[in-house]
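# Geometric and topological summary
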Amino acid sequence: MWFKNLQIYRLTAPWTMTAEQLESSLAPQAFVPCSSLDMQTQGWVSPRDNGMLVHTVNRQLLLQLGTEKKLLPSTVINQVTKARAVELEEQQGFKPGRKQMKELKEQVTDELLPRAFSIQRSTRLWIDPVNGWLVIDASSPAKADEVFKLLLKSLEVLPFAALRTERSPLSAMTDWLAADEAPGGFTVDQDTELRATTEGKATVRYVRHTLEPDDVRRHIASGKQCTRLAMTWNDRVSFVLTESLAIKRVAPLDVLKENADSTMQNDDERFDGDFMLMTGELAKLISDVVEALGGEEQQKKAA
């Protein structure tokens, strides 16, 4: 159950809400499937399909946002609307105006929605009161914002801020490549992206390709900076660090899989064991990444 992508935020005040209080706060925003006229619905779902909206293990909290969205392409709506407009023109003897076309399009949408297919997806949220992290398993800030919007709707106060470090990932990753030396505890892997700061934004990508120091330095000397860098932490977790301080393609390595407790008897025990392992390792990984980037930006943290 490892998170694949980490959008990382800092809790700016101690987390004092109990799991029971959090459960009560989330309940009014529980997920409800789309009705025949809904294009999309979002709400909290149970991370373990047991009816509980908050799953707690060793003081770590797991939440899950559920989303259902109807698949109704605008091209289909426009095509049907156009056909209806032709019929309307024949009936009334003149082309429908802008207002009529708008009403016709709304009518077509309402008629097609009940027959549209829908897709469901979920986005997980991990709250770490012990180390002060709030982490969303989302591939983009936009997906993370969906979680925050509902979280802010559910809670009166949510003390968090974007994680900011003294050194930007862009500058640090570029320096690591230029020096051909990763920070302590990390190794550089074979995927990276270097992008120019000029208007054309010329980009070079290495995919499963050995990074030759001289080649990389030539690109850096020509004005390119590292925007993505694949790395391994302590031979335990591989990941890709991005210029926005998101951590992507997170994967536990064999040493962690081998250490997993094989004595666990059922799915619930295995899930909780995996969750404990994941949160323990990722909390340390995040801390070490922050340290490698010069620590947290003190002014922002104090704010």
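These lines cover the structure that appears in this document, whether it is placed above or below. Here the structure is a predicted model, which is why all the values come from computation and not from measurement. (Residues numbered from 1 in each chain as written. Predicted model: local features only at pLDDT ≥ 70, side-chain atom pairs only at ≥ 80, totals over all residues. Heavy atoms only, no water.)

Moving on to the overall build of the protein chain. A count of helical and extended segments in the protein chain gives 9 helices and 12 strands. Expressed along its principal axes, the backbone C-alpha trace of the protein chain runs to roughly 75 × 55 × 40 Å. Expressed as a percentage of its 303 residues, the buried residues of the protein chain come to 42%. Across the protein chain, the centroid of the 37 positively charged side chains sits 7 Å from that of the 43 negatively charged ones. (Helix = DSSP H or I, 4+ residues; strand = E, 2+ residues; numbered from the N terminus. Buried < 20%, exposed > 50% of the residue type's maximum accessible area, 1.4 Å probe, protein only. Lys, Arg positive; Asp, Glu negative; His and termini not counted. Charge placed at Lys NZ, Arg CZ, Asp CG, Glu CD.)

Evaluated as defined, the whole model comprises 13 salt bridges. The closest approach of N and O atoms between Asp268 and Arg48, which form a salt bridge, is 2.9 Å. In this pair, Asp268 is assigned in helix H8 (residues 267–292) and Arg48 in the loop between strand E2 (40–45) and strand E3 (55–57), connecting sequence segments 220 residues apart. Asp267 is paired through a salt bridge with Arg270; the nearest N and O atoms lie 2.7 Å apart. Remark: Arg270 and Asp267 occur in helix H8; sequence separation between them is 3 residues, near one turn of the helix. (Salt bridge = Lys/Arg side-chain N within 4 Å of Asp/Glu carboxyl O.)

Mapped onto the elements of the fold, Asn5 is located in the segment before strand E1 (7–11). Taking C-alpha positions, Asn5 is 11 Å from Lys143, a pair spaced 138 residues apart along the chain. With residues near it in sequence (within four places) discarded, Asn5 still touches Ile136, Asp137, Ala138, Ser139, Ile247, Lys248 and Arg249. (Contact = heavy atoms within 4.5 Å.)

Let us look at the pairing of strand E11 (residues 237–242). Counting buried positions over the 6 residues of E11 gives 6, a clear majority of the element. Here E11 shows two buried faces, one formed by Val237, Phe239 and Leu241 and the other by Ser238, Val240 and Thr242. Two strands pair when backbone bridges link them, and E11 and strand E12 (residues 247–252) are joined in this way by 4 bridges, in the antiparallel orientation. Bridged to Ser238 within E12 is Ala251. (Pairing = 2+ DSSP bridges.)

Next up on the list: the nonpolar core. Judged by nonpolar contacts, the single largest core of 42 residues is most densely connected at Leu6, Phe239 and Val289. A total of 9 residues in this core trace back to one element, the largest contributor, which is H8. When residues no more than four places from it in sequence are discounted, the contact partners of Phe239 are Phe186, Leu229, Ala230, Met231, Thr232, Trp233, Ile247, Lys248, Arg249, Val250, Leu285 and Val289. Membership of the second largest hydrophobic core comes to 23 residues, among which are Tyr9, Leu65, Leu125 and Phe148. (Core = buried A, V, L, I, M, F, W, Y, C linked by side-chain atoms within 4.5 Å.)

Along helix H1 (residues 19–26), the residues classified as buried are Leu22, Glu23 and Leu26. All buried residues of H1 fall inside an arc of 105° around its axis, so they share one side. Set apart from the buried face of H1 by more than 90 degrees, the exposed residues are Glu20 and Ser24. (Arc of directions from axis to C-beta.)

Glancing now at the packing of helix H5 (residues 169–179) against helix H6 (residues 213–221). Here H5 crosses H6 at 135°, and the two axes come no closer than 8 Å. Compared by their axis directions, H5 and H6 come out oblique. For the crossing formed where H5 meets H6, the hand is left-handed. Along the contact surface, H5 presents Thr174, Leu177, Ala178 and Ala179, while H6 presents Val216, Arg217 and Ile220. Considering only residue class, the contact of H5 with H6 consists of 5 nonpolar, 1 polar and 1 charged. (Axes fitted to C-alpha atoms, helices over the stretch in contact; angles between N-to-C directions. Parallel < 35°, antiparallel > 145°, perpendicular 65-115°, else oblique. Left-handed = near helix turned anticlockwise from the far one by under 90°. Nonpolar A, V, L, I, M, F, W, Y, C, P; charged D, E, K, R; others polar.)

The next subject is a nonpolar patch on the surface. A contiguous nonpolar patch, built from Leu71, Phe117 and Ile119 and spanning about 330 Å² of accessible area, is present on the exposed surface. One can find Leu71 in strand E4 (residues 60–71). (Patch = residues over 30% accessible without salt bridge, like charges linked within 9 Å, V, L, I, M, F, W, Y side chains within 5 Å. Areas by Shrake-Rupley, 256 points an atom, 1.4 Å probe, with all protein chains shown as cover.)

Attention now moves to the pairing of strand E9 (residues 203–206). Because side chains alternate across E9, one face comprises the buried residues Val204 and Tyr206, and the other comprises Thr203 and Arg205, none of which is buried. Where strand E8 (residues 186–196) folds back onto E9 in an antiparallel hairpin, the turn is made up of 6 residues, including Lys201, whose phi is positive at roughly 50°.

Further remarks concern helix H4 (residues 141–154). For H4, which comprises 14 residues, the first-to-last C-alpha distance of 20 Å matches the rise-based estimate of 20 Å (1.5 Å per residue) to within 8%. What H4 keeps buried is the set Ala144, Glu146, Val147, Phe148, Leu150, Leu151 and Ser154. (Expected span 1.5 Å × (residues − 1).)

Reading across the sheet, the 5 strands line up as E9-E8-E10-E11-E12 and stay open at both edges, with antiparallel pairing between neighbours. The open sheet has two free edges, formed respectively by E9 and E12, since each of these has just one partner strand. Taking the axes of each pair of neighbouring strands and ignoring which way they run, one obtains an average angle of 15° across the sheet. Sheet strands in contact with H5 are E8, strand E10 (224–233) and E11, and its direction is about 75° off that of E10.

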